[in-house]
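Remarks on the overall topology
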Amino acid sequence: MNAIKLSPTTRSERVYVAGHSGMVGSAIVRALKQRGNVEIITRTHAELDLTCQADVRSFFQAEAPAHVYLAAAKVGGIHANNTYPAEFIYQNLMIEANVVHEAWRAGIQRLMFLGSSCIYPRLASQPMAEEALLTGTLEPTNEPYAVAKIAGIKLCESYNRQYGTDYRSVMPTNLYGPGDNYHPENSHVIPALIRRFHEAKLARSSSVVIWGTGAPRREFLYVDDMAAACIHVMNLDQSVYNACTQPRLSHINLGTGEDLPIRELAQLIGEVVGYTGKIEFDSAKPDGAPRKLLNVSRLQGLGWRAQVGLQHGLTMVYQDYVSTLQRANG
């Protein structure tokens, strides 16, 4: 790990984190604060609409950050992706196109784009290596979102090729952690299950019904691990980053390299929450992709490995969820 060459840092480096209020962006902000010597620039959606090119242009011209972390995105689970496909593709395409283009116009040399493991084909060989990109049909339930994220990778690569910028892309696996979205319909699997089991425990429900068969396997990365990996990759010397990637295959997978069936995940969350009832599965509901395990050999070769185990991470997340409810209820 010590052999990996990092780029030199400047004093009080100005860094813009797009999407700082979300789970991913807030984790990056936490990690940057721990690193120190960084002046973090943020804007709420009310202050800056990233889908408006003129507003993004004015922002970059005024602030001129040295680095940009593009964590802003419209995200959601299977239900949300199926219900709002136009919103998912339009908003994500507009955000990334505006931020990447206007960062280049403002002379910002280094940017990190955060994508998702859903960019890979539905039936990609497991574990999914970076080379699997664009080799097959995408998972239909989140295709619009995936297409937008693929476009983000290609935006970064195209600006690098034509303009000599240093725009990097990372593809995190399924993320969870403090600040997650616990909406009953539009959340991802871990926050959805935490909320469902917690409410079932309080109501003393005899059973909890979960979408799908429980057979699909998923990989999960604690969001603060993800943030640490992002900063590690962002601060690699450009020669190191270029040596492990290709101009048209430049993204890096972020994950643990381990997965488990949704059925086992549900049982584990039930134990963490303290729910003792029966867990049932509704096979009439969609499963999504059968497996989504990332090949993280490229990331590990660059000197980084995940630190937070799943059970420990789930315990911390549940404690955060309960604390959030307590604060909301006064």
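Structure: see above.
Given the structure is predicted, the values throughout are model-derived calculations rather than measurements.

The next point concerns the pattern of salt bridges. Throughout the structure, instances matching the rule amount to 18 salt bridges. Residue D224 is joined to R30 by a salt bridge in which the shortest nitrogen-to-oxygen separation is 3.1 Å. Placement of D224 in helix 7 (residues 223-234) and of R30 in helix 1 (residues 23-35) is noted, with a sequence separation of 194 residues between them. A salt bridge links K285 to D282, with the shortest nitrogen-to-oxygen separation between them at 3.1 Å. What makes K285 partly exposed here is its relative accessible area of 31%. Salt bridges linked by common partners bring R14, E39, R43 and E63 together as one network.

Bringing the packing of aromatic side chains into the picture now. In total, this model carries 10 aromatic pairs according to the counting rule given. Centroid distance W104 to Y163: 4.1 Å. Interplanar angle 25°. Geometry classified as stacked. Of this pair, W104 sits in helix 4 (residues 85-105) while Y163 sits in helix 5 (residues 143-163), and the two are 59 residues apart along the sequence. Judged by its relative accessible area of 37%, Y163 falls in the partly exposed class.

As a further point, take the sheet that holds strand 13 (residues 291-292). Judged by pairing direction, the sheet is mixed, and its 3 strands sit side by side in the order 11-8-13 without closing on themselves. Two strands bound the open sheet, and with one partner strand each, they are strand 11 (260-261) and strand 13. As judged from the 2 bridges shared by strand 8 (residues 217-218) and strand 11, these two strands associate in the antiparallel manner. Each bridged residue has a counterpart across the sheet, and for R218 the counterpart in strand 11 is L260.

Here is what the cut-offs are and how they apply
Residues numbered from 1 in each chain as written. Predicted model: local features only at pLDDT ≥ 70, side-chain atom pairs only at ≥ 80, totals over all residues. Heavy atoms only, no water. Salt bridge = Lys/Arg side-chain N within 4 Å of Asp/Glu carboxyl O. Helix = DSSP H or I, 4+ residues; strand = E, 2+ residues; numbered from the N terminus. Buried < 20%, exposed > 50% of the residue type's maximum accessible area, 1.4 Å probe, protein only. Phe/Tyr/Trp six-rings, centres within 6.5 Å; stacked < 30°, edge-to-face > 60°. Pairing = 2+ DSSP bridges.

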